[in-house]
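Descriptive structure summary
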Amino acid sequence: MFPPQYACWFPTEDDESSQSDSTGHSCSPDLDFQVPLAPDDQYNSYSSNSTNSGFSTPGSSIVGSITCITNTHSDIDIVKELKLNTPESLYRLFEAQELEAAVSPQQRWSLRCPDCKEWCQTSISSSIPLWAAGQFKSLSNHRGSKKCAQTVMKKQKQTVGGNVLDGPISRSCSITSDQRDPSNIQSLSLDNHACAGIAIDWPDDLRPFLMMFPWESYHDGPNALPFTVDITHPTEPRARSKHCLLSTTFEDSCNECTIVHKHISRLVEIARDPKAHTNYKYLGLAHIQDIAKMYAAQVKHLKLQACNDSRKYMTALTQLDDYNRLLMAISENDIPRLQQIIKIALDNGASIREVVNKLEDAMEGAYRPRGCGSSDIDIATLVFRLGGRQLLFALNHKLGIPSIRTLRARSTFTSIAPTLGPIRDEQLDENIQSIILNTRQGVIPLRGVSLMIDELALEERVIYFGKYNKIGGLCWKHANVIDPVLHTYDSAVRIAHKIHKQEVHLGKEVTVIGVACFGEDELYPVLAAPTCKTEDAADMEGILARAIERWNATGAATRVGPVWSFATDGDATRRAAGHRLFLKKPLSPDSPLYATLTDMPGLNTFTGDNEVTLDFDFKHIFKRICTLIRSPAGITLNNGRIINAMMLSRYLLWLPAYDEASVTKVLHPDDPQDVPRAIELMQAIIAFSKLKHASIDDSFSTNIDIRADLMAIKLLGHILESILLPFIDVNLSLTEQVQYLSSYSHLSFAMFHSHRRGFMPYQLYYDTHTMAKNIMFCIKKQQVLDPHEKFFIGDCGDDRLELHFGRTRMIGGHNSGCSYSQVLDRLGAAKDIDGVFKRHPDLDPGHRRLKMGMRLENVDHINREMWKGDLVSGRCDLPSAWQTGRDMALAILIQSQLNPISFSFVSLFADPAIDMLRPFGMNKYLGISEDDPEDVSLKNPPAPPRILQPHPTLPDTEILHADSNDEADEPMLTFEEALAAQADFDLPHSVTQSITAQSAQSDPSAPPIPEGPGIRPEDYLLFKGRWIHKQTICRLVINKDFVSKSCNRLERVRAGYTKVNKRVDMSAGRITDGNLFLVGDTFLTLVRSGQTVSVGVIRSTLLTVNNISSSSVNIAIMKAARTSVKVVGQLLTIIPTNPSESVDSLPTLPHFLWNGGYVKSRSVIQGTSDSTERIVLISASGALVEPINPEPVFIRGEEDINTDEFVEVKGGQTTWKIAQDALQAGCELLWAKFVDTKVPLKSLVSVTPIDVKTFPYKLPDGTPAVLCSEGTNLLTASDGERLTTCTLCPAKVTDMRSHIGLHILRALRNTPGNVLTDMVEPVGECYPCGFCGRSGRPECAITIKVPANGAPSWETKCMYQHAFRYGYADAGSKHKPCRNVPLKCELCHPILPPEPGRTVRRTPLVAVDAVWRYNLPEHIVKEHEVYSVPGLKSTGIPLPAGVLKAMRLSDLEEIAAQISAEHKQPVASDGSEKENAIGTSSKGKRRALQPASSLPSKRVRTVMKPLQMAPTTLVV
C-alpha cells in the first residue's frame, strides 16, 4: 500500500498507454520513485468514522439501507485495521460499525470505501447476511487499486482548491512561497514558522545539478516529481514538497518537505549510474549529451563495418557456391569412402573447393584415400566373416571398405586348433593360449570362470587338413585305431574299410567346450572334437577333467580366474559324468564357503576338486518344464491333481489376451525348443493363477472339479513364478532372486517328495536343483573374490555357448550342415563376429529362439546392462534370503492340499542324508542312474549312428551298360576311373602340362613332384601315374556315400518329422456340447484288485483318438464297439455314507462322496528298499467307459458321514456324490460290454492300493460295495493272470491249447472214458474252440494271416487264449504232442498260379477265417461236399495232398490222447500214404510249414464255396 497523496506516482494503465515519447526517445520502463510509507498518524485523515445512514452522493445508483450492527467493539484500533487492509481486519471494522454497507439495485451487497468514499459492489446476494471475513475481499482489493488512490487525490485537490502547490508548476527559475493562497497563510498559527523547504545536497563528484536534473519529469502531469525546485541561487538549489504544510513548529522544514531528500538521493543514484534501459525523461542534459556522442561514434563504426561486411558477404557467397557443389556431388554420385575422403582432406587443412576436387577425382578413379579406422575394420571383418572373401572384394571395390589384405595386416582372426585323432593336452593348451591368454592383455581383475560343453551338428565326412597333413572328421574316441596321415592311396582304402567295419566312425556332431567369465559376455572356444555319440559317462568325465586340468596347467587360473562351474544342458551322459566329477566330496570345513552355505538347510554342499560345481542351463530347463506341462501325462500337483495341456487349453481362454488360436499355438507350438514360446506359456499360467476366481474364493461353490483344477493351477503358477522371475524380472535385486530360487527349491522338493515322477521326471528335478545350487555357490564365491562386484545369474548355464552356436549357424545362411573344417572356421568367425557386435551393439540382430522376453521386445535376451535391481554380491545375505524363500514356500504349501509331511522342512533336513538333491536320503541321487525312467521332458533324441554299406573296389574293367529295356542308369565308374578323371582338375593347367610332358619322357609311373605357386607337394598322392589331391581322395574313397543332412533342425532331430500341432486335435467340438466327453470328466470302468473285479470312479486326464491327443470326443464315437479312443485317468477315493440307525426310518441305499483324494499304490524307490506313494492311473478303451454326472452336495449338510474324512477338500465345503445302485448298474453294464467286445480278462488293469479300504470300494461294514460276480469268479479260476482252470474238467493246466486239444481229439475219435478226470462240461459238438473246447461262442472265432515268409499269425477274442510258438506247436513234440493249431483252408483260399512270365504270384496279406486242425475234417464234410474224407466220407473227389497232410494225426498225438487202435485215424487209400505220412519230430527240432500244391484253377472255381463260421472276424 501507499499513501493516497502519492497516487499520482503510480499511473493507471490508461495513463501509461497514453504516455508516448514525444521526443522520439526509446520508451523504457518508468523510473521508480516509490518511497517508504508515511507514519501511521498520516492515515487518520483517510479512515472513515462516518455513521451516515444512507448514500447522498450525487449521481449514485445504489439505493438501500445500512446494515445495523448491534455488538460493537469499542477497543478496536481503526487506524491499524485500515492499514492491515485484510478481509479479516475490514470485517472487524464492519462489526464495530466503522464500515457502511448497502444493497444495490442488483440485489448485491455494496461496501463503502473508507478512503475514496466510493461504493464497492460485491458479488454477494443481499439474501445472505454479512457474517464472514471472506465477504470483504472485494473491498480489500479495491483499497489497494490505483483507481481508489486516484479518486482520493482528485478529492483532495478539490478540497484544497486554490493551493499554489496543486496548480500548474511554473517553468521559471524561481519558485517562491508568496504564490500560495493568502487566506491559507493567514490561517497559520502565530507560533508556527514558515516552511522554507530543504537544501539540495548534490555530490561534488557529479556534474552540476542543473545539468544532471531530469527536467523532463519536472511538470504537473502524471509521473511528475513530487517536489518543486528553487534555483534562484543555482549553486544552492532548494526543494519543496508539493504537499508542503507551509509551516513548521521548531524545524526549518515541515514533515512533507523532510521526505523530499529521499527523492533527491534517488536522483543522485540515477545521475551517478544510469541504467541502460532508463527512459530519457529521467535523465539530465549531461546524460543526453553523452548519448548523442555515443550515437555519433556508433554511426562511424557502422559505416566502417559496412565496408568490411560487403567483403565478407562476397566471400560467403563464394563458399556457399562451393558447398552447393559439394552437396550436388554427394547427392548425384555414389562416392566410395566419402567420409574417409572428407576427413583426410579436412585434417590436411583443405578448403571446400579442394574437397570437391578430391571427390571429383575419386569419382573418376584417380584418387583413393589411404587409411581406415577401427569401425571400418570391424565392418570389413563382419562382411568377411558373414559373406566371405568374394563379398568383401565386391564391397571393397564398390564401397571402399578395407580389403582382405588390410584385414590381415590390421587384425587377427580367431583360429581353433582341430582335433585330429584322440583329444590331447596340446590341443587344449594351444587354444587356451592363442584364443584367451594372448587376447587378454593388460591388467584385468580376476573373475570366476565357467566352462560350458555342448554339441553342434556336423556333416559326416572326412576332411583333409593341409596344414597338419592329416585327415579330420573322425570320432575322437575311436580315432586312435587309424593313422590320420595319408601316406599312399592304400592308406585311404584302409581307413574306408575301418569305417565300414565300425572300428572308427565319422563324426555325427562336434563336441565344443567354451570358456566364459562371470561378468563378461565373451565366450572362448577351447575344444572342438568330432564325436560319434557313443561316449559313455567315463569318457565324458575324462574330457571334463582334462579341460579343467589344462586350464590350471596353462596358468589361466591365475591370469584369468579359477573355474567355478561346468555347465551343460540336459544330456544324460554329461549329467552322469558331471555328477561323478563335481559331487564327489562334501565341502571342506576349512573352505571360506563353508560357514555360509552350511547355514542354508537343504542345500547340497557336495562339490568336486577345487570346489567346482555342476551347472545346467536355465533356458533348457524352461523348455523342459513346458514340455512336461504339454505332455499327455501332465504334471501332478496338490494331493494328486493332474494338469496337462488339454486342461490348460480350457482355462487359458479365460485370459483376456488369449483366444483359441493363441492358446493352441502356445500349448502346442511347431517347435517345442522355442524359448519365447516356453516363457510365454509360463507367463500365461502365472497370469491365470493370479486372477480372482469365484470358484476358489467361494468354498460353497458347486463347481467341484473346476475348483480343484484352479487350486492346482494356482500352485503351478507359484512354482513357475519362483523359477522364472529371477531370470526375467529386471527390477529384482540379487537378494530377491535368491529368495525366489529358494522358494522354488522348497516348493519343488515338497511336490517331488510327495509325487516323485508324477510331479517331475528324476532328470529334470536333478537339473533344476543343481542349477539353483550352483547359483548359490557362485554368489558366495563372488563374495569371497570381490564383494563389491556385481553378480548376474544369467551368466550361469551355457546360454553364451548357445548364443555362440547361433552365430555359427548364422554364417552361411543358417545352413547348419557343414564339414569339420567349416565348423572350426565358423566357430572362429563367430568369435570375431561377437567381438564386432560387442563394440557395435546396434548392429547385432539377436537370436529369436533364445529371446527371454516377449516377442514384441527389441532385445534378444536379458543381459546385465538391462538389469535395474541391485546385483552387488556383497549386499546379499544368502542364509537370510534362503530362509525368506523357505517361508514364502511354506505360506503357499499351507494353503495347498499337500500332505504336511512333505513340507516339514525342519524335520526332514535335520537328517544330514536328506537335502534338495537327495529328497529320500540314503545318498541316493535320482536321475543319474541309467536305470532311471526316461525323462519325458527331453524331446528330439539324436538319431542313431548311420551304418555305411560296404562298397568293394571294382576291378579295372570296361564300363558295363544296363539293358536297354530296363531303366537307363548312368554308368558307374570305379574308384580308379573316378580318381583318374578328377586328377586333371586338381592341379593348375601349367603344372598339369609340365607333369604330362615329363611323364612322357621317362617312366610314367614316377612323374615329378608337383610344384608351382600355391602348390604344396605334400598335399598330393601318386595314383597310377597321376598326382591326386588328398582331399579328392577323401571325397571319392572315404566319403563316397556322403549324404548331406537336412538344414531344417526339426527334420534333423526327428525321424518321420510331424509337427507337434498335428498330434493334437483341438477342434473336436465345443465344451458346451452335451454330447461331448471332455478331459477332466468323470467316468466308470472295470478295474480288478487281486481276484476281485469291481468298478472304479475315475477322473479323465487324457483322451487319444487314433493315438492323437484330443481335448474332447463325441460320446457315441467313444463308446462304439470298434473305437480307437483311449481314456486315461486317476482313480478317485470315495467315502460311503453311514446307514441310518433310526428304527422308524426306511432303509436307504448308501451314497459315495468324493473326499478330494485319489487311490494310491506303493512305488519302490529305485536303488533303495524304501517306497513312496503314487497315484493310480487307469487307461481304458473308450468302449469300456461309462461317463457319469455326480450330484454336487454340501459336506456339512450330510448327516451320515464323518467330516474328518474330507480334509483333502482343503477349505471347500462342497463335493459330489453318487449312489451305490448307480455304481452297481454301471458295473453290470460295463461287464456286458466287456463280454461283447471279447476283451481278454487279463487286459483289465490291476490295482494294489496302499490302503485296502480305499479300493475296491467298501461299505462302512467293510463288505464290497460294488462287485462283478462273473468277472470275479473267472479271475478266481485263473489266479488273476491267465485262465488256468480247464473249462471241461477241474484240472489246472499251464498250456490250455494242448490240454483242450486232447479233449477235442478224444471226442472226435469217440474214445470212451476220461483222460484226466471227470468231465464238468462236454466238448462242443460243432467246431469246438481250440482254447476252451466250447462251440457257438462268437468270441471264439479265429482268423489267421499266412505270410510268404515267416510264421503265421492268428487272433481271437476267446477269454482262454494264450500265446504259443506256432512253428513248435504245428510240428509237435514229445512233451507237447498236440498239434491242434489254426490253419488256413486251402480249399477255401487256394493258392493261384503265377501270372505269365512270372515265377510267383504276389497276393495281399489279409486275415482270413481259420480252422482248427482237429476241426478240419468236419469243415470239409460240411463246406466242401464234393471231396471225400478218410474215415468220414468215402465218396467224392480225393483231397489234395496238402490238405491230407494237414489233417493227418501223428502217433504221438494219438498216444497222448490214449486213443485205441480201432478208433485211430484211417489211412488214405489213394496211393499217397507216403506223402501223407507224418513222422514224429525229435525234441527241439522245428519243422517249417509247407505250402499246399495248387489245384487246377478251373476246377477250384467250380467247387469252391466260402466257409461259414462265427460272425465275428478278428483281423491280425
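Refer to the structure above for everything that follows.
Throughout, a residue's number is its position along its own chain's written sequence, starting from 1. In view of the model being predicted, local features appear only for residues whose pLDDT reaches at least 70, and side-chain atom pairs are presented and counted only at 80 or more, with totals across whole chains, interfaces and linings using the full set of residues. The side-chain values count all of the structure's non-hydrogen atoms but skip hydrogen atoms and water molecules.

**A short note on the environment of I775**
Note the threshold: Runs of E in the DSSP output that reach at least two residues are strands. Runs of H or I that reach at least four are helices, and both are numbered from the N terminus. With a 1.4 Å probe rolled over the protein chains alone, any residue whose accessible area is under 20% of its type maximum counts as buried; one over 50% counts as exposed, and the rest are partly exposed. We call two residues in contact when some of their heavy atoms are within 4.5 Å.
Note on placement: I775 falls in helix α29 (residues 762–785). The class of I775 is buried, set by a relative accessible area of 0%. Put simply, I775 and G794 are 19 residues apart on the chain and 9.6 Å apart in space, counted from C-alpha to C-alpha. Apart from residues no more than four positions distant in its own chain, I775 is found in contact with F727, L741, F791, I793 and C796.

**A closer look at the packing of aromatic side chains**
For the record, the criterion: Any pair of Phe, Tyr and Trp rings, taking the six-membered ring for Trp, is counted once the centres come within 6.5 Å. Such a pair is stacked with planes under 30 degrees apart, edge-to-face with planes over 60 apart, and tilted for the rest. Whether a charge sits over a ring comes down to the Lys NZ or Arg CZ being within 6 Å of the ring centre and within 35 degrees of the ring normal.
In the structure shown here, the tally under the stated rule is 38 aromatic pairs. Between the aromatic rings of F465 and Y820, the centroid separation amounts to 5.8 Å while the plane-to-plane angle is 75°, which identifies the pairing as edge-to-face. One end of the pair, F465, is in strand β10 (residues 463–465); the other, Y820, is in helix α31 (residues 820–839), with 355 residues separating them in the sequence. Across this residue pair, the class does not change: F465 and Y820 are buried. Each ring, one from F518 and one from W564, has its centre 5.3 Å from the other, and the planes form 35°; the classification is tilted. Of this pair, F518 sits in the loop between β12 (509–517) and β13 (523–531) while W564 sits in strand β14 (residues 563–568), and the two are 46 residues apart along the sequence. Judged by relative accessible area, F518 falls into the buried class, the value being 3%. Each residue in the set W202, F209, F213, W215, Y218 and F227 is aromatic and connected to the rest through ring pairs, giving one cluster. Lying over the aromatic face of F413, R385 brings its terminal NZ or CZ to 4.9 Å of the ring centre. Its guanidinium or amino end placed over the ring of Y1327, K1422 lies 5.3 Å from that ring's centre, counting from NZ or CZ.

**A word on the packing of helix α27 (residues 704–728) against helix α28 (residues 734–755)**
The test is simple: Where helices are involved, their axes are fitted lines through C-alpha atoms of the stretch in contact, as for all axes, and angles between N-to-C directions lie from 0 to 180°. Should the near helix be turned anticlockwise from the far one by less than a right angle, the crossing is termed left-handed; should it be turned clockwise, right-handed.
Relative to each other, α27 and α28 sit at 145°, their axes nearing to 8 Å. Seen from above, α27 lies across α28 with left-handed handedness. Contacts from L715, H718, I719, E721, S722, I723, L725, P726 and F727 in α27 reach Q737, Y740, L741, S743, Y744, L747 and M751 in α28.

**Comments concerning helix α30 (residues 799–810)**
Using the following cut-off: Multiplying 1.5 Å by the helix residue count minus one yields the expected span of that helix.
Look at α30: 16 Å from first C-alpha to last across 12 residues, which is about the 16 Å you get at 1.5 Å a residue. Of all the 12 residues making up α30, 11 are buried; the element is thus mostly covered by neighbouring parts of the structure. Among all positions in α30, only D799, R800, L801, E802, L803, H804, F805, G806, R807, T808 and M810 are buried. Here the buried face of α30 lies against α13 (374–387), β9 (449–457), β12, β13, α22 (618–630) and α31.

**Quick look at the pairing of strand β20 (residues 1020–1023)**
Condition: The rule for pairing is simple: two strands pair if DSSP sees at least two bridges between them.
In terms of strand pairing, β20 meets strand β21 (residues 1026–1029) through four bridges, oriented antiparallel. Following the sheet pairing, F1023 is matched in β21 by R1026. If you look at the hairpin formed by β20 and β21, you'll find two residues sitting between the two strands, and K1024 has a positive phi there, around 50°.

**Details of empty space enclosed by the protein**
Where we set the bar: Here the term cavity refers to a set of points on a 1 Å grid, laid over the protein atoms alone, in which a 1.4 Å probe fits but cannot get out; the term pocket refers to an open set having protein on both sides within 12 Å along at least five of seven lines, with lining residues being those that place an atom within 4 Å of a point. Grid points are joined across faces, edges and corners, and a volume is the space filled by probe spheres set on the points. In this count, Pro and Cys sit with the nonpolar residues alongside Ala, Val, Leu, Ile, Met, Phe, Trp and Tyr, while Asp, Glu, Lys and Arg are called charged and the others, Gly among them, polar.
Under the criterion given, the structure shown has 18 cavities of 30 Å³ or more. Of the pockets and cavities examined, the largest cavity occupies roughly 120 Å³. Around the largest cavity, the lining comprises 14 residues; the ones closest to its centre are I704, A708, Q897, W1154 and V1209. Breaking the lining of the largest cavity down by element, the ones donating at least two residues are α27, β29 (1151–1158) and β35 (1214–1219). With four residues, the single largest contributor to the lining of the largest cavity is α27. Split by residue class, the lining of the largest cavity holds six nonpolar, five polar and three charged.

**What to know about the sheet that holds strand β3 (residues 119–125)**
An order of β1-β2-β3 is seen for the three strands of this open sheet, with the pairing classed as antiparallel. The sheet is open, and its two borders are formed by β1 (101–103) and β3, each paired with just one other strand. Strand-to-strand twist in this sheet, taken as the mean axis angle between neighbours without regard to direction, amounts to 30°. Examined bridge by bridge, β1 and strand β2 (residues 108–112) share three bridges and lie antiparallel to one another. If you follow A102 over to β2, its bridge partner there is S110.

**Topic: the environment of G634**
Its location among the elements puts G634 in the loop between α22 and β18 (635–637). Residue class for G634 comes out buried when judged on its relative accessible area of 4%. Placed 10 residues apart in sequence, G634 and N644 show a C-alpha to C-alpha distance of 4.1 Å. Once you skip the residues sitting within four places of it in the chain, G634 turns out to touch L628, I629, I642, I643, N644 and G758.

**Quick notes on the pattern of salt bridges**
Put simply, the test is: Think of a salt bridge as a Lys or Arg side-chain nitrogen and an Asp or Glu carboxyl oxygen that are within 4 Å of each other.
Taken as a whole and assessed by the stated rule, the structure comprises 55 salt bridges. For R440, the salt bridge goes to E520, with nearest N and O atoms at 2.9 Å. With R440 in the loop between α16 (425–437) and β9 and E520 in the loop between β12 and β13, this pair connects stretches of sequence that are 80 residues apart. The salt bridge partner of E520 is R447, with a shortest N-O separation of 3.2 Å.

**As for the sheet that holds strand β7 (residues 238–241)**
Through backbone hydrogen bonds, the strands of a sheet pair up, either in parallel or in antiparallel fashion. The three strands lie next to each other as β5-β7-β6, forming an open sheet whose pairing is antiparallel. In this open sheet, the two strands that pair with only one neighbour each are β5 (198–199) and β6 (227–230). Pairing between β6 and β7: four bridges, direction antiparallel. By the bridge assignment, V229 is partnered in β7 with A239.

Function cannot be read off these values alone, since they describe shape.
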